[in-house]
Number of protein chains: 2
Amino acid sequence: MTASARTGAVAILAGNGALPGLLAAALLSAGRTPVVFAIAGEADPAGLPAGAPVHVIRWGEIGRLFKLIQASGCREAIFVGGIARRPDFTSLRPDLGAMKLIPRIVQIMRNGDDRLLGEVAGIFAERGVELVGPLDVAPDLALGIGAAGGLRPSPEAMREITVARSAALAIGRLDIGQAAVALGARVVAVEAAEGTDMMLARVAELRRGGRLADSGGVLVKCLKPQQDRRLDLPTIGPDTAERAAAAGLSGVAADAGATLLAGRAETVAAFDRLGLFLWGLAAETAHG
Amino acid sequence: MTASARTGAVAILAGNGALPGLLAAALLSAGRTPVVFAIAGEADPAGLPAGAPVHVIRWGEIGRLFKLIQASGCREAIFVGGIARRPDFTSLRPDLGAMKLIPRIVQIMRNGDDRLLGEVAGIFAERGVELVGPLDVAPDLALGIGAAGGLRPSPEAMREITVARSAALAIGRLDIGQAAVALGARVVAVEAAEGTDMMLARVAELRRGGRLADSGGVLVKCLKPQQDRRLDLPTIGPDTAERAAAAGLSGVAADAGATLLAGRAETVAAFDRLGLFLWGLAAETAHG
């Protein structure tokens, strides 16, 4: 990464959720020119800031995507947002290059597959475009260290955070998931393919069934130790607060400096309103 | 364990499910005298073999339990079967010793808590009764090495078994759970407080939602590496075959010699009928 690459236009390949718009706004504030490539059927153009050019891109149009990226002078590209639907090729016949690239892009945006990310980054690099991560260009979107809102974890919650973090890191090392819930000294839920939302719904269900204590417990989200930070960063938003509250948790902790907030003010307001803490974990020291 | 302890009467503290009855029958076949203490509201007396004396025990009656164990000459006791309900103390006031012991027994029968098991075993030992495991006295209930039924894992399923086993051992080491599901090279579900049934239901749900490939994948159940084998052994029965089939899996693998079959003939028949393999894993060698 050269210093000169941190100026000028940057391509945002945008999936669903609030992050593409927040990232575009952060880039505009930083004096950059975001160019949004909104994936048809996923990205919500209404969430994008005025001032950022938007091109709607269908899955078959990889050739057009590269032409537009180069025509707009983008030397960097960022993949951000989720992919909820399977690519629809019925309306458009992709070219051969696209047929190879599309499933890889879907896979890395869905599951943060690091091996495929390297391949996709190589294909972008051949065209003079560097894949970077959202926090490389918009560090203000990151959760900071310590309490983000008005509440702090109790000593009991701090112990739960330690327990859940160990579990999240263990499954992260195996490339299984990024999140775990601990209640007391016990890990009660571990995230795999179902994702954090469905894991929290499970905790709520176990509570309703009387299989867990009525309240307390924490969610911890962590980077996989070996993961590429250009993709699949832990993300926390107002809906995280709502789902954690519905699961009866006392709060959420995540890696500071490596977790995206889907709207800082809205997220902190939701945690405060629901009486939950949001806690940014400092990086573990080698002896920690 | 002395050789002489492997004769005579043995107390079975029986929770729900088929295992208490199967264990009592296996003990009768081996010339032992099982004395069943059926936990009221949990154990099903209909599933018990004729020839085994049965005492229904309510949670408050720990004093009576010990008197009956000693009166029947039992020098060994086994906890087997699940606990689905919270103990009900409304109808009976437990004595002080029971108040301390009951929650520990519930916890170890539910969650296999090794630390509490040591305490409970100590309380039984003070009364001259040794807590042992079901496979210590009835090794024929165990899954053997290799294919239990007519089907064997494909080479692809063998690779999935390796992946799921690593995940199950990793969470086992953290005392989180015993089971994981792998599909291709990826772990898609990991068991924690929800248990294996709810984890398999989740895999079925992810499949229906198009979030996993349509079929294939394996369930692996493993002993936690540090676990006490007197409690909470992995258990596989006909319902495991049904739930695995509903989740679209190609089969199930578990530790040979350490996994209980809830009815060998019925279990193998269910796996065969549903077209799934049931595979007993040999212990891993130190260099494996």
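Nothing here was measured: the structure is a model prediction, and the numbers come from that model.

Calculation notes
- Residues numbered from 1 in each chain as written.
- Chains lettered and ligands numbered in written order.
- Predicted model: local features only at pLDDT ≥ 70, side-chain atom pairs only at ≥ 80, totals over all residues.
- Heavy atoms only, no water.
- Helix = DSSP H or I, 4+ residues; strand = E, 2+ residues; numbered from the N terminus.
- Rg over C-alpha atoms; globule rule 2.2 N^0.38 Å.
- Contact = heavy atoms within 4.5 Å.
- Areas by Shrake-Rupley, 256 points an atom, 1.4 Å probe, with all protein chains shown as cover.
- Lys, Arg positive; Asp, Glu negative; His and termini not counted.
- Charge placed at Lys NZ, Arg CZ, Asp CG, Glu CD.
- Buried < 20%, exposed > 50% of the residue type's maximum accessible area, 1.4 Å probe, protein only.
- Pairing = 2+ DSSP bridges.
- Axes fitted to C-alpha atoms, helices over the stretch in contact; angles between N-to-C directions.
- Parallel < 35°, antiparallel > 145°, perpendicular 65-115°, else oblique.
- Nonpolar A, V, L, I, M, F, W, Y, C, P; charged D, E, K, R; others polar.
- Buried area = accessible area lost by both parts, 1.4 Å probe.
- Salt bridge = Lys/Arg side-chain N within 4 Å of Asp/Glu carboxyl O.
- Polar contact = N/O pair within 3.5 Å; in protein donor to acceptor, adjacent residues only side chain to side chain.
- Least-squares fit on C-alpha atoms with pLDDT ≥ 70 in both.
- Expected span 1.5 Å × (residues − 1).
- pLDDT = per-residue confidence, 0-100.
- Left-handed = near helix turned anticlockwise from the far one by under 90°.
- Phe/Tyr/Trp six-rings, centres within 6.5 Å; stacked < 30°, edge-to-face > 60°.
- Lys NZ or Arg CZ within 6 Å of the ring centre and 35° of its normal.

Asker: Would you explain the overall build of chain A in this entry?
Answerer: Assigned secondary structure in chain A consists of 9 helices and 13 strands. A compact globule built from 288 residues should have a C-alpha radius of gyration of about 19 Å, and chain A, at 19 Å, falls within 12% of that. Taken over the C-alpha atoms alone, chain A extends approximately 55 × 40 × 40 Å along its principal axes. Counting only contacts in chain A whose residues sit at least 6 apart along the sequence, the fraction spanning at least 24 positions is 73%. With an accessible surface of roughly 12,100 Å², chain A has 54% of that area assigned to carbon and sulfur atoms. Distance between charge centres in chain A, computed from 30 positive and 29 negative side chains, equals 2 Å.

Asker: I keep staring at the pairing of strand β8 (residues 186-190) of chain A and nothing clicks. Help me out?
Answerer: As a general feature of sheets, a regular strand has side chains that alternate between the two faces. All names here are of chain A. Of all 5 residues in β8, 4 are buried, a share of seventy percent or more. The pairing of strand β7 (residues 179-183) with β8 spans 4 bridges and is antiparallel. Bridge pairing links Leu-183 to Arg-186 in β8. Hairpin geometry of β7 and β8 is characterised by an intervening segment of 2 residues between the two adjacent antiparallel strands and by a positive phi of about 65° at Gly-184.

Asker: Help me out: how do you make sense of the sheet that holds strand β6 (residues 146-147) of chain B in this one?
Answerer: Two strands in a sheet stick together by hydrogen bonds in their backbones, pointing the same way (parallel) or opposite ways (antiparallel). Residues and elements named next belong to chain B. Across the sheet, 6 strands lie side by side as β6-β13-β11-β9-β7-β8; this open sheet has mixed pairing. Unpaired on one side and paired on the other, β6 and β8 (186-190) mark the two borders of the sheet. Of the strands in this sheet, β7 (179-183), β8, β9 (218-221), β11 (251-255) and β13 (277-281) touch helix α6 (residues 155-173), which is tilted by about 145° from β7.

Asker: Looking at this structure, how should I read the packing of helix α7 (residues 195-208) of chain A against helix α8 (residues 238-246) of chain A?
Answerer: For any two helices packed against each other, one specifies the inter-axial angle together with the distance between the axes. Residues and elements named next belong to chain A. Closest axis-to-axis distance for the α7/α8 pair is 8 Å, and the angle between their directions is 25°. Here α7 lies roughly parallel to α8, going by the angle between them. Contacts from Asp-197, Leu-200 and Ala-204 in α7 reach Thr-240, Arg-243, Ala-244 and Ala-246 in α8. Looking at the contact of α7 with α8 residue by residue, the classes come out as 4 nonpolar, 1 polar and 2 charged.

Asker: Can you help me understand the interface of chain A and chain B in this one?
Answerer: Note: interface size is frequently given as the accessible area lost on complex formation between the parts. Opposite the 24 residues of chain A that make contact, chain B presents 24 residues. Summed over the three residues of chain A that lose the most area to chain B, namely Ala-193, Met-198 and Arg-202 of chain A, the buried surface amounts to 25% of that side. Summed over the shared surface of chain A and chain B, the result is 2 salt bridges. The partner of Glu-194 of chain A in a salt bridge is Arg-202 of chain B, with the nearest N and O atoms 3.6 Å apart. Run the count over chain A and chain B and you get 6 residue pairs in polar contact (both at pLDDT 80 or more). Listed by contribution, the elements that provide at least two residues to the side of chain A that touches chain B are α6 (155-173), β8 and α7 of chain A. Residues that form the side of chain A that touches chain B fall into these classes: 14 nonpolar, 4 polar and 6 charged.

Asker: Where do I start with the relation of the copies chain A and chain B in this structure?
Answerer: Both copies of the chain are tied together by a single rotation about an axis and a shift running along it. The transform that puts chain A on chain B rotates by 180° and translates by 0.0 Å along the axis, for an RMSD of 0.0 Å. On this basis, the relationship between the two copies can be described by a two-fold rotation axis. No C-alpha of chain A approaches the rotation axis more nearly than that of Val-190 of chain A, which lies at 3.2 Å. By residue overlap, the copies meet face to face through one surface: 100% of the interface positions of chain A are interface positions in chain B.

Asker: I keep staring at helix α7 (residues 195-208) of chain B and nothing clicks. Help me out?
Answerer: Two residues of an α-helix separated by three or four positions point the same way, owing to the 3.6 residues in each turn. End to end, α7 of chain B covers 20 Å across 14 residues, agreeing with the expected 20 Å (1.5 Å per residue, within 8%). The element α7 of chain B is largely enclosed, with a buried count of 10 among its 14 residues. For α7 of chain B, the set of buried residues is Gly-195, Thr-196, Met-198, Met-199, Leu-200, Arg-202, Val-203, Ala-204, Leu-206 and Arg-207 of chain B. As for α7 of chain B, its buried residues are in contact with α7 of chain A together with β7, β8, β9 and α8 (238-246) of chain B. Positive backbone phi, at 75°, marks Gly-210 of chain B, one or two positions downstream of α7 of chain B.

Asker: I'm lost on the sheet that holds strand β1 (residues 9-14) of chain B in this one. Help?
Answerer: Residue and element names in this part refer to chain B. Strand order in this open sheet of 5 strands is β3-β2-β1-β4-β5, and the pairing throughout is parallel. Each edge of the open sheet carries a strand with a single partner, namely β3 (54-57) and β5 (130-131). Against the sheet, helix α1 (residues 19-29) contacts β1, β2 (33-39) and β4 (76-80), and its axis sits at roughly 170° relative to β1. Here helix α2 (residues 62-71) sits on the sheet and contacts β1, β2 and β3; the angle it forms with β3, its principal contact strand, is near 165°.

Asker: Teacher, can you tell me more about the environment of Leu-13 of chain A here?
Answerer: All names here are of chain A. Within the secondary structure, Leu-13 is located in strand β1 (residues 9-14). When its relative accessible area of 7% is taken as the criterion, Leu-13 is described as buried. Separated by 44 residues in sequence, Leu-13 and Ile-57 have C-alpha atoms that sit 9.0 Å apart. For Leu-13, the contacting residues outside a window of four places in its chain are Phe-37, Ile-39, Leu-65, Ile-78, Phe-79, Val-80, Ile-105 and Met-109.

Asker: Honestly, the confidence of the model for chain A in this entry has me stumped. Any pointers?
Answerer: Residues and elements named next belong to chain A. Summary statistics for chain A give a mean pLDDT of 90 and a share of 93% for residues scoring 70 or more. Between residues 1-5, whose pLDDT stays under 50, and residues either more than four places distant or in other chains, the model counts 6 contacts. Scoring the predicted complex yields pTM 0.90 and, for the interface, ipTM 0.87.

Asker: I keep staring at the packing of α8 of chain B against helix α9 (residues 264-274) of chain B and nothing clicks. Help me out?
Answerer: Residue and element names in this part refer to chain B. Packing of α8 against α9 leaves a shortest axis separation of 7 Å and a crossing angle of 20°. Our classification of the angle between α8 and α9 gives roughly parallel. Along this stretch, α8 crosses α9, giving a crossing that reads as right-handed. Between α8 and α9, the contacting residues are Pro-238, Thr-240, Ala-241, Glu-242 and Ala-245 on the first element and Glu-266, Thr-267, Ala-270, Phe-271, Arg-273 and Leu-274 on the second.

Asker: Help me out: how do you make sense of the packing of aromatic side chains in this one?
Answerer: Both the distance between ring centres and the angle between the ring planes are used here to describe each pair of aromatic rings. All names here are of chain A. Summed over the entire model, instances satisfying the criterion amount to 4 aromatic pairs over all chains. Here the aromatic rings of Phe-79 and Phe-124 are separated by 5.6 Å at their centres, their planes lie at 70°, and the arrangement is edge-to-face. Of the two residues, Phe-79 sits in strand β4 (residues 76-80) while Phe-124 sits in helix α4 (residues 114-126), which places them 45 residues apart along the sequence. Residue Phe-79 is classed as buried on the basis of its relative accessible area of 5%. Ring pairing ties together the aromatic residues Phe-66, Phe-79 and Phe-124, which thus form one cluster. The residue whose ring lies beneath Arg-127 is Phe-66, and the NZ or CZ to ring-centre distance is 4.3 Å.

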